[in-house]
Amino acid sequence: MSDSVIINIDNDKVFVNFDDGHLGKYLARSLRLNCACAECIEEWTGKPLLNPFTVDSNIVAEDYLLVGKYAVQFLWSDGHFTGIFPFEVLRQLCECEICKPE
Ligand SMILES: [Zn+2]
Ligand SMILES: [Zn+2]
């Protein structure tokens, strides 16, 4: 499993270079909607607290931080930043042509 990734932010897209060579592609908004922090998902029940309609269609990632060797934390343009995305989760959410063929 990856212990480092390289992140590139391009407008409303986020690219993640995994260390096995896979290039992950995402819409910033898709990642934002999959935030699993305590403000977005109720901790004990797993119930979604985030209303997708409140997330702007042109939301972008403004910055990011690597968390240890296992996760990435993004700063979204709506000011939200508490979500931690483990590399494994990023891999599962990947929207590239290989992972999510049309
Ligand atoms: Zn969140
Ligand atoms: Zn992929």
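Attention here is on the structure that accompanies the text. (Residues numbered from 1 in each chain as written. Chains lettered and ligands numbered in written order. Predicted model: local features only at pLDDT ≥ 70, side-chain atom pairs only at ≥ 80, totals over all residues.)

**What about the overall build of the protein chain?**
What counts, and what does not: Under the scheme used here, helices are H or I runs from DSSP no shorter than 4 residues and strands are E runs no shorter than 2 residues, and both carry numbers assigned from the N terminus. Values of the radius of gyration come from C-alpha atoms, whereas the globule rule sets the reference at 2.2 Å times the count of residues to the power 0.38. With C-beta atoms placed from the backbone, a residue is buried if 20 or more other C-beta atoms are within 10 Å of its own, exposed if 12 or fewer are, and partly exposed between those counts. Throughout, a residue-residue contact means that the two C-beta atoms, derived from backbone geometry, are no farther apart than 7 Å.
Along the backbone of the protein chain there are two helices and six strands. For the protein chain, the sequential pattern of α-helices and β-strands runs β-β-β-α-β-β-β-α. By the compact-globule yardstick of 13 Å for 102 residues, the protein chain fits well, its C-alpha radius of gyration being 13 Å. Expressed along its principal axes, the backbone C-alpha trace of the protein chain runs to roughly 35 × 25 × 25 Å. Put simply, the protein chain has 102 residues, and 19% of those count as buried. A fraction of 39% describes how many contacts in the protein chain between residues 6 or more apart in sequence connect residues 24 or more apart.

**Some details on the sheet that holds strand β4 (residues 61–67)**
Put simply, the rule reads: A pair of strands is labelled paired if DSSP reports no fewer than 2 bridges between them. Only the stretch in contact is used when fitting a helix axis, every axis being a line fitted to C-alpha atoms; angles between N-to-C directions are given from 0 to 180 degrees.
On the basis of which strands lie adjacent, the open sheet formed by three strands has the order β4-β5-β6 and antiparallel pairing. What marks the edges here is a single partner per strand, and that holds for β4 and β6 (84–86). The average angle at which neighbouring strand axes cross in this sheet is 30°, direction not considered. Looking at chain direction, β4 and strand β5 (residues 71–76) are connected through six bridges and run antiparallel.

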